[in-house]
Amino acid sequence: MKKRIVVICPGRGSYTKETLNYLGQNARHVRDFIKDLDQRRAEIGEPTITELDSLEAFKTALHTKGEHASPLIYACAYADFMAIDKNKFEVVAITGNSMGWYLALAMAGALDWAGAFALINGMGSMMKQEIIGGQVIYPICDANWQVTPERLALVDTAIQKARGRTDAEIHVSIHLGGYIVFGANKAGVAALLKDLPPVENYPFQLINHAAFHTPLLQQTSVQAFSTIPQDLFTKARLPLIDGRGHIWAPYSTSVAALYEYTLGHQVIEPYDFTRAITVALKEFAPDHLVLLGPGASLGGTVGQILIENDWYGLKDKQQFTERQVHQPFLLAMGRPEQRRLLV
């Protein structure tokens, strides 16, 4: 009997110096796809995905730019998705974090290669001249990966103080397990970095990230509607779970509504990855969650969401970590020992 899996697509920031040459190592089975992607990039005068992935060193100023990071991550995730042994695993739903929603559309068949490139490369290139605002990430959980009222109150106090500045505009951008990602204008980012109490390495600003999923991106949404046509979209072949926790079923989906959500609500309203994973667990009851590469940076976040939901009785970080060693529920394609279980 096939095992039932929910696939999770990664967002921006997942392609790092640790994942350089991820495609070179893991994409030999999708050569036609990579060739097609490289050709599309070359036609618009951008370095190919193969060129970016095969550089000798990771260059922050190059690899983290939206116009490069987005298609790089898409290529890695697509290669991983196609490597999953479909004779052993049944994909029952697909979701993702932030930009991962665009990838989920591609994996589920709501976009073909041309449509996926137009959306992913297009949205990633919207701010080549100037990035609008920024994102700051901050923990709301303790060392045991449990969200605490004390930490939430601390964050709320700091946010109210930061918002007290007349020039600061601050919004919740992403609900990310034991973290909140804030989207803000430049003054808001500065206020957040100043007023949020230091916790380990937090708060910190995400490199080359705009204030996505906030009203600050209203004009980006308008531009997206004017440049990305609806006819690129179609009904998906697999259920999709979006950034509200809404399920888009293959047979009942309105393509117009899917298009409107993707370029409208998803761009300017908060993205609730926590709710998306919670819905995946409770509505699909999978045997495993599968995190596509590159890397596995969302692994801890997913663990925090499992703890929040008391899934398999998991209460804290230690229990999650121990289960992952002996009987992993979350399988990350970016971890070789877990990848071997899937391909």
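Use the structure listed above.
Residues numbered from 1 in each chain as written. Predicted model: local features only at pLDDT ≥ 70, side-chain atom pairs only at ≥ 80, totals over all residues. Heavy atoms only, no water.

Could you clarify how one ought to interpret the packing of aromatic side chains in this entry?
Within a pair of aromatic rings, the relevant descriptors are the distance that separates the centres and the angle that separates the planes. According to the stated counting rule, one finds 15 aromatic pairs in the structure shown. Consider the rings of phenylalanine 33 and tyrosine 74, whose centres lie 5.4 Å apart with planes at 90 degrees: the pair is edge-to-face. Of this pair, phenylalanine 33 sits in helix H2 (residues 31–43) while tyrosine 74 sits in helix H5 (residues 66–83), and the two are 41 residues apart along the sequence. The pair phenylalanine 33 / tyrosine 74 is uniform in exposure class, with both members buried. Judged by centre distance (5.4 Å) and plane angle (80 degrees), the rings of phenylalanine 233 and tyrosine 259 are edge-to-face. Here the residue phenylalanine 233 occupies a position in the loop between helix H10 (218–227) and strand E7 (240–241), and tyrosine 259 occupies one in helix H11 (residues 255–268), the gap between them amounting to 26 residues. (Phe/Tyr/Trp six-rings, centres within 6.5 Å; stacked < 30°, edge-to-face > 60°. Helix = DSSP H or I, 4+ residues; strand = E, 2+ residues; numbered from the N terminus. Buried < 20%, exposed > 50% of the residue type's maximum accessible area, 1.4 Å probe, protein only.)

What is the right way to look at the pattern of salt bridges in this model?
Side-chain pairs of opposite charge can arise where the charged atoms are in close proximity. Counting across every chain of the model gives seven salt bridges. Its salt-bridge partner being arginine 339, residue aspartate 80 comes within 2.8 Å of it at the nearest N-O pair. On the criterion of sequence distance, the pair formed by aspartate 80 in helix H5 and arginine 339 in helix H15 (residues 336–339) is long-range, its members being 259 residues apart. Of the residues examined, aspartate 80 reaches a relative accessible area of 0% and is grouped as buried. For the salt bridge of aspartate 195 with lysine 161, the shortest nitrogen-to-oxygen distance reads 3.9 Å. Placement of the pair is aspartate 195 in helix H9 (residues 186–195) and lysine 161 in helix H8 (residues 149–163), with a sequence separation of 34 residues. Connected through shared salt-bridge partners, Lys161, Lys194 and Asp195 make up one network. (Salt bridge = Lys/Arg side-chain N within 4 Å of Asp/Glu carboxyl O.)

Help me out: how do you make sense of the environment of asparagine 121 in this one?
Mapped onto the elements, asparagine 121 comes out in helix H7 (residues 113–124). Each C-alpha atom of the pair asparagine 121 and proline 336 lies 28 Å from the other, and the pair is 215 residues apart in sequence. Among residues more than four places away in sequence, those in contact with asparagine 121 are Arg41, Ile44, Glu67, Pro71 and Ala116. (Contact = heavy atoms within 4.5 Å.)

When you look at the pairing of strand E4 (residues 170–176) in this model, what are you seeing that I'm missing?
The two faces of a sheet get side chains in turn, since along a regular strand they alternate between them. As defined by bridge partners, E4 adjoins strand E5 (residues 179–184) across six bridges and the pair is classed as antiparallel. Across the sheet, residue isoleucine 170 finds its bridge partner in E5, namely alanine 184. Hairpin connection between E4 and E5: a loop of two residues separates the two successive antiparallel strands, and glycine 177 in this loop has a positive phi of roughly 60 degrees. Of the pairings in the sheet, the one linking E4 to strand E9 (residues 271–272) comprises two bridges and is parallel in character. Across the sheet, residue isoleucine 174 finds its bridge partner in E9, namely tyrosine 271. (Pairing = 2+ DSSP bridges.)

What is the right way to look at unusual backbone geometry in this model?
Negative phi is the rule for most residues except glycine; trans is the rule for most peptide bonds. With an omega of 0 degrees, the peptide bond between tyrosine 202 and proline 203 qualifies as cis. Tracing the backbone through its elements, the reader meets proline 203 in the loop between H9 and strand E6 (204–205). Not every positive phi belongs to a glycine, and glutamate 200 is a case in point at roughly 50 degrees. Structurally, glutamate 200 can be placed in the loop between H9 and E6. Its identity is not glycine, yet aspartate 310 carries a phi of approximately 55 degrees, on the positive side. When you line up the elements, aspartate 310 lands in the loop between helix H13 (299–308) and helix H14 (317–326).

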